[in-house]
Amino acid sequence: MNKKPYYITTPIYYVNDVPHIGNAYTTLAADILARFHRLDGYDVFFLTGTDEHGQKTEKAAEKNKTTPLELADRVVENYRKLWKHLQISNDDFIRTTEDRHKKVVLDIIQKVIKKGDIYLGQYEDWYCIPCEAFWTETQITDGNCPTCSRKVEKLKEESYFFRMSKYEKELLAHIEKNPDFIQPESRRNEVVSFIKTGLRDLSISRTTISWGIPVPEIEKTNKKHILYVWFDALINYLSGIGYLENSSQFNHYWSTAIHLIGKDILRFHAVYWPTMLLSIGLPLPKKIFAHGWITGKSGEKISKSKGNAIDPYAVTQEFGLDPLRYFLFREIPFGLDGEYSREAFIHRVNSDLANDYGNLLSRTLTMVQKYCKGVVPQKPKNLTSQDQLLINLSQKVVQETKDHLQAISFSKALIAIWTLIGATNRYLETMAPWKLAKEGKTQELEKTLYLCLEVLRISALLTYAFMPESSQKIWSALGIQDKIEEHTLLESSTWGHIQEGQLTHIIPPLFPRIQTS
Ligand code: MSP
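Presented here is a report on the structure given in the accompanying data block. (Residues numbered from 1 in each chain as written. Predicted model: local features only at pLDDT ≥ 70, side-chain atom pairs only at ≥ 80, totals over all residues. Heavy atoms only, no water.)

We now examine the site of the ligand. Residues in contact with the ligand amount to 26 residues; listed here are only the nearest, Ile-12, Asp-51, Asp-264, Ile-294 and Ile-302. Ile-12 is positioned with one of its backbone polar atoms (N or O) 2.8 Å from a nitrogen atom of the ligand. Note that an oxygen atom of the ligand is positioned 2.6 Å from one of the side-chain N or O atoms of Asp-264. In the complex, the protein chains occlude 94% of the 660 Å² of accessible area that the ligand would expose alone. Listed by contribution, the elements that provide at least two residues to the shell around the ligand are β2 (13–14), α1 (21–39), α7 (229–234), α8 (236–239) and β12 (257–262). Here the shell around the ligand takes four residues from α1, the largest share from any one element. (Near = heavy atom within 4 Å. Polar contact = N/O pair within 3.5 Å; in protein donor to acceptor, adjacent residues only side chain to side chain. Areas by Shrake-Rupley, 256 points an atom, 1.4 Å probe, with all protein chains shown as cover. Helix = DSSP H or I, 4+ residues; strand = E, 2+ residues; numbered from the N terminus.)

Okay, here's the thing in structure tokens:
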């Protein structure tokens with residue numbers, strides 16, 4: 001059977017500084033979707049990478065007394081190391097300084113030129129270097145960038161322009177016809193009102209910087225034009241899946257593209273990028289989803305420049321990786337801003353992971369050891385309506401998890417999974433296997449434990465994308481020999497697959513309670 005393609009991307013990260021938890025947020029989200037869809041039988045391509053050209057990198061290199069490429073080479077290693085540490089399962093990593101990318105960029109420019117969509121003009125307005133963004137007089141506030149609140153600088157230089165205005169109507173029509181194209185809805189509305197104020201042509205070259213891809217001469221000029229870094233960077237979504245070199249792979253994935261981005265870079269993705277694609281006649285991506293910011297206590301975006309950045313290594317060293325992956329996507333509804341707080345983190349880990357999930361696992365395994373010599377009992381036949389309710393719930397939750405992740409709603413998916421975990425904990429309390437043992441009701445006792453083991457198996461499948469390592473540990477503790485990723489939801493998430501007679505193992509607490517003094 002041919003697998004359905006699923007193409008998921010993160011923004012490509014600037015190489016001016018070391019990564020922090022805010023950058024990790026988008027990549028972790030993409031990883032959860034990639035892992036879940038692989039398990040759900042899709043043929044997934046998960047792309048991330050680095051955005052290495054432009055003034056921001058040029059300035060950072062100057063400050064570090066090095067060349068932009070040397071700086072990039074160094075910072076890229078930090079990203080690769082962090083992604084490995086966070087168990088990111090990307091299929092490729094694209095750098096915009098790679099030849100495979102630059103070739104595609106030049107090809108796209110030629111196509112846009114051929115279409116008659118580029119002309120020489122004069123840019124005179126504002127520019128924010130940290131955001132690499134052009135702003136008009138009316139958009140800036142007190143001389144500051146409306147996105148990052150830092151000082152903007154006045155530019156007046158010759159520039160090539162892309163006829164973005166030409167695609168205004170076509171883009172609006174596409175957004176209207178495809179309500180899921182820009183998500184969440186509030187962001188979609190924001191983009192629609194922005195377009196309705198009238199799209200201007202986009203300046204796509206700079207003559208006052210030198211670090212970037214040179215634009216071929218289009219009209220007679222003495223100036224050397226360097227391509228605007230966003231025009232260059234957005235094209236990574238094409239070059240990363242082989243737009244020129246591997247057209248069958250490209251065609252297979254492209255129309256399924258989902259771009260996960262932060263809300264600060266919405267305009268580039270939901271306006272500039274689609275109009276570029278309309279110019280070269282490529283289909284638009286399937287979805288652009290803009291998430292909110294992880295904020296500090298005062299509600300400010302966490303960032304290096306604000307000095308409130310959180311080091312992912314420090315957090316994982318203190319609490320472990322899976323609790324971090326769980327916390328970020330359970331605590332903050334994806335799409336909204338949310339505060340990163342140590343107290344909230346500890347509370348989540350202790351209540352959801354240690355109390356609910358961890359306890360269900362350790363109680364079940366301990367009782368299976370005590371009453372069944374660690375062996376998975378026979379698949380039960382005489383089910384009561386209470387047993388059946390739990391079984392039905394497990395199947396409902398599988399479907400709900402799929403639906404919520406299809407809609408990129410991580411917290412709802414986790415809430416659904418926890419209804420199953422909660423219900424099973426209550427089932428265990430009501431059935432009280434320790435009493436059944438005393439009363440010699442072996443059949444009922446074994447049935448109860450079978451049901452708990454089976455719920456744990458299904459839960460491990462469902463939590464795998466969020467917490468790969470812990471879920472695999474649960475899987476193995478249940479006595480299953482292979483890896484979760486060798487399974488699919490289709491064959492494994494239905495009821496009754498745990499093998500009777502297989503030997504379970506008691507393992508140390510997966511999510512130890514965090515002590516607060
Ligand atoms: N290079 C551009 C993207 C080009 S994509 C063709 C860029 N890079 S970035 O390194 O500045 O940011 C990358 C992503 O990190 C953005 O989606 C941004 O929203 C995200 N985050 C950075 N800080 C963040 C938080 N504090 N919270 C959540 N995400 C934030 O932009």
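Following the structure, the description resumes.
Within soluble globular proteins, side chains that are nonpolar tend to cluster in buried spots. By size, the foremost hydrophobic cluster in this structure holds 106 residues, and its most contacted members are Ile-8, Leu-260, Phe-329, Tyr-340, Phe-410 and Phe-466. Residues lining this core come from more than one domain, with at least three contributed by each of domain 1 (5–291) and domain 2 (342–492). With residues near it in sequence (within four places) discarded, Phe-329 still touches Tyr-25, Leu-28, Ala-29, Ile-32, Phe-334, Phe-410, Ser-411, Leu-414 and Phe-466. Ranked by size, the runner-up nonpolar core spans 76 residues in total, among them Trp-135, Leu-234, Ala-257 and Ile-265. (Core = buried A, V, L, I, M, F, W, Y, C linked by side-chain atoms within 4.5 Å. Buried < 20%, exposed > 50% of the residue type's maximum accessible area, 1.4 Å probe, protein only. Domains from an automatic or database assignment. Contact = heavy atoms within 4.5 Å.)

Turning next to empty space enclosed by the protein. Summed over all chains, the structure comprises one cavity of 30 Å³ or more. Estimated volume of the largest cavity: approximately 40 Å³. In terms of lining, the largest cavity is formed by Gly-358, Leu-361, Ser-362, Leu-365, Ile-506, Ile-507, Pro-508, Pro-509 and Leu-510. When its residues are assigned to classes, the lining of the largest cavity shows seven nonpolar, two polar and no charged. (1 Å grid on protein atoms, 1.4 Å probe; cavity = no way out; pocket = protein on both sides within 12 Å on 5 of 7 lines; lining within 4 Å. Points joined across faces, edges and corners; volume = space filled by probe spheres on them. Nonpolar A, V, L, I, M, F, W, Y, C, P; charged D, E, K, R; others polar.)

With that out of the way, let us pick up the sheet that holds strand β5 (residues 118–128). Read across the open sheet, the four strands follow the order β6-β5-β7-β9; overall the sheet is antiparallel. On the outer flanks of this sheet lie β6 (133–135) and β9 (202–203), each paired with one strand and no other. Across ten bridges, β5 lies against strand β7 (residues 153–162) in antiparallel orientation. Following the sheet pairing, Trp-126 is matched in β7 by Lys-154. (Pairing = 2+ DSSP bridges.)

Time to look at the pattern of salt bridges. In total, this model carries 26 salt bridges according to the counting rule given. Here Arg-100 ties to Asp-92 by a salt bridge, and the two come within 3.0 Å at their closest N and O atoms. One salt bridge in this structure joins Lys-447 and Asp-387, with 2.7 Å as the shortest N-O distance. Placement of Lys-447 in helix α17 (residues 442–463) and of Asp-387 in helix α14 (residues 385–406) is noted, with a sequence separation of 60 residues between them. For Lys-447, a relative accessible area of 6% puts it in the buried group. A single network of salt bridges, built from pairs that share partners, joins Asp-31, Arg-35 and Arg-325. (Salt bridge = Lys/Arg side-chain N within 4 Å of Asp/Glu carboxyl O.)

So far we have only geometry, and geometry alone does not tell us how the molecule works.
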